[in-house]
Amino acid sequence: PAFLRELKHVRATYDSVQGRIECAWQLAGKRAIVDIAIPAGMQATVQLPAKSAKPVRESGRPLAFAKGVEIAAIDGGLATLKTASGRYRFSIPWPG
């Protein structure tokens, strides 16, 4: 997702042939909360602004303990994650 200071929350959905894909984010204090839903049988690539995996959380846990989430790369200020199907709640320091 792209984070803009003028926006405090965003929600988007896409109805694919395999089911609904959802992405939403909101500002919560000094963190951005990113909610993602991936339909059964699909995988997703998620990019979040982060210089390391350390400040990124999924459902309050460090990424190393996040079931269904793999760190694919951290490069150029972006953390690229691969996710299995399911619902995820990522949180990162507010990048705005």
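Look up a bit, the structure's there.
Since this is a predicted model, take the numbers as computed values, not measurements.

A. Focus on unusual backbone geometry. Phi at Ser59 is positive, roughly 50°, even though this residue is not glycine. Residue placement: Ser59 occurs in the loop between strand E5 (57-58) and strand E6 (61-62). When its relative accessible area of 41% is taken as the criterion, Ser59 is described as partly exposed.

B. Quick look at the nonpolar core. Counting residues in each nonpolar core, the largest one holds 20 residues, and the members touching the most others are Val34, Leu48, Val56, Val69, Leu81 and Phe90. At the level of secondary structure, the elements contributing two or more residues to this core comprise strand E3 (31-38), strand E4 (44-49), strand E8 (78-83) and strand E9 (86-93). The biggest single contributor to this core is E3, with 4 residues.

C. Broad picture of the environment of Arg20. Here Arg20 lies in strand E2 (residues 19-28). By relative accessible area, Arg20 is classed as partly exposed at 43%. Along the backbone, Arg20 and Ala84 are 64 residues apart, and their C-alpha atoms lie at a distance of 14 Å. Residues within four places of Arg20 in sequence aside, it is in contact with Thr13, Tyr14, Asp15, Ala37 and Pro39.

D. Focus on the sheet that holds E5. Pairing in this open sheet of 6 strands is antiparallel, and the strands run E1-E2-E3-E9-E5-E6 from one edge to the other. On the outer flanks of this sheet lie strand E1 (9-16) and E6, each paired with one strand and no other. Of the strand pairs in this sheet, E3 and E9 are connected by 8 bridges, and their pairing is antiparallel. Across the sheet, Ile38 pairs through a bridge with Gly86, a residue of E9.

E. Representation of the sheet that holds E4. A sheet is described by the order of its strands in space; here 3 strands give the open sequence E4-E8-E7, paired in antiparallel fashion. Because the sheet does not close on itself, it has two edges, and the strands there are E4 and strand E7 (69-75). Going across the sheet, the axis of each strand differs from the next one's by a mean of 25°, ignoring polarity. The pairing of E7 with E8 spans 6 bridges and is classified as antiparallel. Paired with Asp75 across the two strands is Leu78, which belongs to E8.

F. How the structure looks around the environment of Lys51. Within the secondary structure layout, Lys51 lies in the loop between E4 and E5. Overall, Lys51 belongs to the exposed group, its relative accessible area being 79%. In sequence terms Lys51 and Gly77 are 26 residues apart; their C-alpha atoms lie 4.4 Å from each other. Apart from the residues within four sequence positions on either side, Lys51 is in contact with Ile74 and Gly77.

Procedures and definitions
Each residue is numbered by its place in its chain's sequence as written, counting from 1. With the structure being a predicted model, the display of local features is reserved for residues of pLDDT at least 70 and the display and counting of side-chain atom pairs for 80 or more, all residues being used for whole-chain, interface and lining totals. Where side-chain values are given, they derive from all heavy atoms of the structure, hydrogens and water being excluded. Numbering of helices and strands runs from the N terminus; a helix is a DSSP stretch of H or I covering at least four residues, while a strand is a stretch of E covering at least two. The rule is simple: take the accessible area with a 1.4 Å probe, protein chains only, and divide by the maximum for that residue type; under 20% is buried, over 50% is exposed, in between is partly exposed. Each nonpolar core is a collection of buried residues, namely Ala, Val, Leu, Ile, Met, Phe, Trp, Tyr and Cys, held together in the definition by side-chain atoms within 4.5 Å. By the convention used here, residues are in contact when the closest approach between their heavy atoms is within 4.5 Å. The pairing criterion is simple: DSSP has to find at least two bridges between the two strands. The axes used here are C-alpha line fits, helices contributing only the stretch in contact, and every angle between their N-to-C directions lies in the interval 0 to 180 degrees.

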